[in-house]
Amino acid sequence: MNKTYDVVIVGAGVIGTSCAYHLVKKGFQVALVEKKDLARETSSHCDAVALIPDKMPGIDAAMGYASIQRFKELEKELNYDFEFHQNGSLHLCETDQEMEIATKYANDLIAEGYAIDILNPEELLEKEPFLATDLKGGLFSHECCGVNPYKLCFAFVDAVQGKGLDVYTHTTVTDIRRDADNNVVGVETDNGILKTNKVVNCCGVWAPEIGKMVGIDIPIKPRKGVILISGAGFPICKQKIHEFGYMVSKFDDIQCERDPEVEKYNVAFTIEPSAGNNVLIGSSRNFDGYDVDAEIDIIRVIAKRAVRFFPILKNINCIRSYAGVRPFIEEHLPLITHVKEIPGYYIAAGHEGDGISMAPLTGRLISEMIAGEEPCMDVTPFSFSRYK
Amino acid sequence: MKLSETGILTKADLVEMGRYPSEERMKKGPVAVAECVQDIPCNPCETACPFKAIHIGENISNLPKIDVNKCNGCTTCVSACSGLAIFVLDKSYSDSYGKVTFPYEYNHSFKVDDIVKAANRGGKHVCEGKILKITNTQKADRTTVITLEVPIEYVDEVRSIYRDKQHQSSKEEIMSEKLADDVLVCRCEEITAGEIREAIRQGATDITGVKLRTRAGMGLCQGRTCEALVNQIIRQELGNSPADIGFSTPRTPQRPVTFGTLGGDLDE
Ligand SMILES: Cc1cc2nc3c(=O)[nH]c(=O)nc-3n(C[C@H](O)[C@H](O)[C@H](O)COP(=O)(O)OP(=O)(O)OC[C@H]3O[C@@H](n4cnc5c(N)ncnc54)[C@H](O)[C@@H]3O)c2cc1C
């Protein structure tokens, strides 16, 4: 401790570790300070898929696409296997109304140049034989990929630790020091002080706390999600699958009729194959503070939804459940930004349900901003100044 | 007292289930008894028996049926049973003494003619016994099979012997023993001690760190079986205190439950 760094990153989830990696690659001396250990919070309590058909057309989808391309490069760049796989994804429609909305929405994405197929019920069953037979159709996106989220964090750190990156785990940031002109001059922790002119707040749902330290209000709220895991068996599904209702639960501005029980916890069925023939089944979206208990009430609704889409699950065991809290932000756009009023203070947080997929791009943008380079994409929508 | 009340099987339980050889049969000569009462999917005994006296059938969760007429008490099944639940009993030996043959998987230096403390199914010392035979075949893969002479009234009770004092290690000794790299620690996910050490080299310092890097503890049993060993390995490698090594987070459901059950009455 008591060293001087070019940049101090607070929080070692997927966002903080990606920023660390990208900053060291630009030649900076970086400290990564983490209260617990690498990837112990949201970044290991989630799924990890990078999707296009769950993004609104426009910048959101563009970021999704850019992230997928970046994962392909990272797979070659990083020496640590983070289980990258690209086998596409399916979105399922339960009603004609959903299918209608999905078709329109898919056509918008196709018009922007994304490879999406609109499937009828027969085509759907051909892709996934264990699906319920009464579905109305769906969307298939070729590009979608998945990674192991916490291994991605390990991979980022593994590549640069000791080569420009020092990691301080079990170290809590308690304050940010500024000089008389509000410039960042250091980071206080429960283990000592790190001198620096630049700090990046990558604290996910805790970003507001690190905001308060410099007197700014970061409007991020924890939005909980529960996931169930099946026992190892045979491959139930071949790719990531989501009910199209997922879109509805994610973006409240797409209107659809939904079951009240499902509505209460904003449950939308998702399933993805994981290592060892297990499947991960999700998920819910509700505001319940920082609590990460997987309540039985939510588990029940998710299990019910799962059996509705995959009747075969009825007799398959659930062996574990867990919950995580997504860093929710009203506008569905993260903050990836310098805070002008506090020179040297950056924020990279608020990725809600896309933090894993957007991590590579976020790290890159932050490193470009700090290096004073032109960012690889327009960062105005991610700017903190949108709150004025 | 019965199994359901004490957790310890009794002869009465076995007789009631029709799973114990008759007095008459035991008086004729050695015969195997499978004290196996749970529907575990397991059938090595069936294939081990050279006389085809053990039957399990298609459903491998069936309990083994021993045909006491085909069984000649050869003891092959004793070492084949991974649950250490098969014994060979003999009340034809003399009027006052009988023989009990049982599997023994501890280190020992017992010799034939040693007088040892014989123990019942609950592990309690009930009488003295004399070792008549110790076999350690290659096929038995380190499961020693011991035949003990005991007073005839104890043949239905004695199922093992007290451990050899010289070979009892203290808890500290056991905990400081270093597992070979190829030992499977997490059986559900098939993770070896070597893989766990590699995770520690990569930066894991606690149970969760090892779990995230290797999947040890993520399988069907949720770490109930391997957590103590993972803890031991971390302690040996890093000298961390148990408090720092921590525990894995308990997760609902504690035992596997079908999605159908969790989801409620899905038939209606
Ligand atoms: C159920 C669920 C499913 C999801 N599915 C997907 C998906 O399919 N695809 C996808 O892309 N995303 C998904 N997400 C979202 C994704 O998990 C998050 O967006 C992402 O993990 C956020 O990462 P982060 O680094 O911002 O936060 P975190 O991983 O929470 O990291 C923040 C870190 O800051 C540390 N910290 C806090 N306070 C301090 C302090 N004072 N000092 C030092 N350190 C501190 C914390 O200990 C923590 O390690 C899902 C999330 C959930 C909950």
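Counting of residues starts from 1 at the beginning of each chain's written sequence and follows it residue by residue. To label them, take the chains in the order written and letter them from A, then take the ligands in the order written and number them from 1. Reporting in this predicted model follows two pLDDT cut-offs: at least 70 for local features of residues, and 80 or more for side-chain atom pairs to be given and counted; totals over whole chains, interfaces and linings ignore these cut-offs and use all residues. By convention in this description, side-chain values take in all heavy atoms of the structure and omit both hydrogens and water.

Enquirer: Sorry if this is basic, but what is going on with the overall build of chain A here?
Expert: The number of helices and strands found in chain A is ten helices and 19 strands. A radius of gyration in this sense is built from C-alpha atoms; the matching globule rule multiplies 2.2 Å by the number of residues raised to 0.38. At 21 Å, chain A has a C-alpha radius of gyration in line with the 21 Å of a compact globule built from 388 residues. Only protein chains enter the accessibility calculation, which uses a 1.4 Å probe; a residue whose area is less than 20% of its type maximum is buried, one above 50% is exposed, and one in between is partly exposed. Within chain A, buried positions represent 60% of all 388 residues. Sequence separation of at least 24 residues holds for 75% of the intrachain contacts in chain A that already meet a minimum separation of 6. Only the protein chains shown count as cover for residues, with accessible areas throughout obtained via the Shrake-Rupley method and a probe of 1.4 Å. If you sum the accessible surface of chain A, you get close to 14400 Å²; carbon and sulfur atoms cover 49% of it. His is not counted, nor are the chain ends; Lys and Arg add positive charge and Asp and Glu add negative charge. The atom standing in for a charge is NZ when the residue is Lys, CZ when it is Arg, CG when it is Asp and CD when it is Glu. In chain A, the 40 positive side-chain charges and the 56 negative ones have mean positions that sit 4 Å from each other. Comment: elements are numbered from the N terminus, with helices defined as DSSP H or I runs of at least four residues and strands as E runs of at least two. Contacts are assigned to residue pairs with any non-hydrogen atoms lying within 4.5 Å of each other.

Enquirer: I keep staring at the sheet that holds strand E9 (residues 173-178) of chain A and nothing clicks. Help me out?
Expert: Sheet strands pair by backbone hydrogen bonding; their relative direction is either parallel or antiparallel. Residue and element names in this part refer to chain A. The pairing criterion is simple: DSSP has to find at least two bridges between the two strands. Taken in spatial order, the three strands of this open sheet run E9-E10-E11, and their pairing is antiparallel. Bordering the open sheet on either side are E9 and strand E11 (192-195), each of which pairs with just one other strand. Neighbour to neighbour, the strand axes of the sheet diverge by 25 degrees on average, direction disregarded. Examined bridge by bridge, E9 and strand E10 (residues 184-189) share five bridges and lie antiparallel to one another. Within E10, the position partnered with Val 173 by the bridge is Thr 189. Inter-axis angles, ranging from 0 to 180 degrees, are taken between N-to-C directions of lines fitted to C-alpha atoms, where helices are fitted over the stretch in contact.

Enquirer: Teacher, can you tell me more about the nonpolar core here?
Expert: The biggest cluster of nonpolar side chains holds 69 residues, and the ones touching the most others in it are A:Ile9, A:Phe71, A:Phe82, A:Val200 and A:Ile366. Domain ranges listed in this record stem from an automatic or a database domain assignment. Formed jointly, this core draws a minimum of three residues from each of two domains, domain 1 (7-45 + 150-219 + 332-387) and domain 2 (89-142 + 221-329) of chain A. When neighbours within four sequence positions are excluded, A:Val200 is seen to be in contact with A:Val7, A:Val8, A:Ile9, A:Val10, A:Tyr346, A:Ala348, A:Ile366 and A:Ile370. Only buried residues count toward a nonpolar core, which is a set of Ala, Val, Leu, Ile, Met, Phe, Trp, Tyr and Cys residues joined through side-chain atoms within 4.5 Å. Counting residues in each nonpolar core, the second largest holds 38 residues, with B:Ala34, B:Val78, B:Val116 and B:Ile146 among its members.

Enquirer: Mind showing me how you'd approach the site of the ligand here?
Expert: Residues and elements named next belong to chain A. The local shell around the ligand holds 39 residues, among which Glu 34, Ser 43, Val 49, Glu 352 and Ser 357 are the closest. Polar contact is defined as a pair of N or O atoms within 3.5 Å, subject to the rule that within protein one atom must be able to donate a hydrogen and the other to accept it, and that residues adjacent in sequence are counted only when both atoms are side-chain atoms. In this structure, Ile 15 approaches the ligand through a main-chain N or O atom, which is 3.1 Å from an oxygen atom. Interatomic distance of 3.3 Å between a backbone N/O atom of Asp 354 and an oxygen atom of the ligand. In isolation the ligand exposes 1000 Å². Once the protein is present, 98% of that is buried. Top contributing element to the shell around the ligand by residue count: strand E17 (residues 317-329), with four residues. Note on residue categories: nonpolar means Ala, Val, Leu, Ile, Met, Phe, Trp, Tyr, Cys or Pro, charged means Asp, Glu, Lys or Arg, and polar means any other residue, Gly included. A class-by-class count of the residues in the shell around the ligand yields 17 nonpolar, 15 polar and seven charged. Formed jointly, the shell around the ligand draws a minimum of three residues from each of two domains, domain 1 (7-45 + 150-219 + 332-387) and domain 2 (89-142 + 221-329). A cutoff of 4 Å decides nearness: a residue is near a molecule or strand if any of its heavy atoms lies inside that distance of it.

Enquirer: Looking at this structure, I do not really get the domain arrangement of chain A. What am I missing?
Expert: Often, the extent of an interface is quoted as the loss of accessible area upon association of its parts. Residues and elements named next belong to chain A. The domain boundaries assigned to chain A delineate domain 1 (7-45 + 150-219 + 332-387) and domain 2 (89-142 + 221-329). One C-alpha centre belongs to domain 1, the other to domain 2, and the line joining them spans 31 Å. On the side of domain 2, 15 residues touch domain 1, which itself brings 16 residues to the contact. The term buried area means the drop in 1.4 Å probe accessible area that two parts suffer when joined, counted for both and summed. Interface area lost by domain 1 to domain 2 is led by Val 205, His 332 and Glu 352, which between them contribute 46%. Note on definitions: salt bridges are taken to be side-chain nitrogens of Lys or Arg within 4 Å of carboxyl oxygens of Asp or Glu. Counting every contact that joins domain 1 to domain 2 gives two salt bridges. Of the charged contacts in the structure, one is a salt bridge between Glu 352 and Arg 223, with a shortest N-O distance of 2.9 Å. Here domain 1 and domain 2 share six residue pairs in polar contact (both at pLDDT 80 or more) between them. The residue makeup of the side of domain 1 that touches domain 2, split by class, is six nonpolar, seven polar and three charged.

Enquirer: Explain the side chain of B:Thr144 here, please?
Expert: All names here are of chain B. By secondary structure assignment, the location of Thr 144 is in strand E8 (residues 144-151). For Thr 144, the side chain forms a polar contact with the side chain of Asn 136, separated by 3.3 Å. Not counting the four nearest positions on each side in its chain, Thr 144 is found in contact with Phe 102, Pro 103, Tyr 104, His 108, Ile 134, Thr 135 and Asn 136.

Enquirer: Where do I start with the sheet that holds strand E8 (residues 165-168) of chain A in this structure?
Expert: Residues and elements named next belong to chain A. The mixed open sheet is built from six strands, whose spatial order is E8-E2-E1-E12-E19-E18. This sheet does not close on itself; its edge strands, each paired only once, are E8 and strand E18 (335-338). Across the sheet, the axes of successive neighbouring strands diverge by a mean angle of 20 degrees, strand direction being ignored. Taken together, the four bridges between strand E1 (residues 7-10) and strand E2 (residues 30-33) define a ladder with parallel strand orientation. Looking at E2, one finds that Val 7 is bridged to Val 30.

Enquirer: Sorry if this is basic, but what is going on with the confidence of the model for chain B here?
Expert: Detailed reading of the predicted coordinates is not advisable wherever pLDDT is low. Here chain B averages 92 in pLDDT, while 98% of its residues score no lower than 70. In the predicted complex, the global pTM is 0.81; the interface-specific ipTM is 0.88. Scored from 0 to 100, pLDDT reflects the predictor's confidence in each residue.

Enquirer: Quick question: what am I supposed to make of the domain arrangement of chain B here?
Expert: Domain boundaries in chain B define domain 1 (3-165) and domain 2 (169-245). When each unit is reduced to the centre of its C-alpha atoms, the spacing between domain 1 of chain B and domain 2 of chain B is 34 Å.

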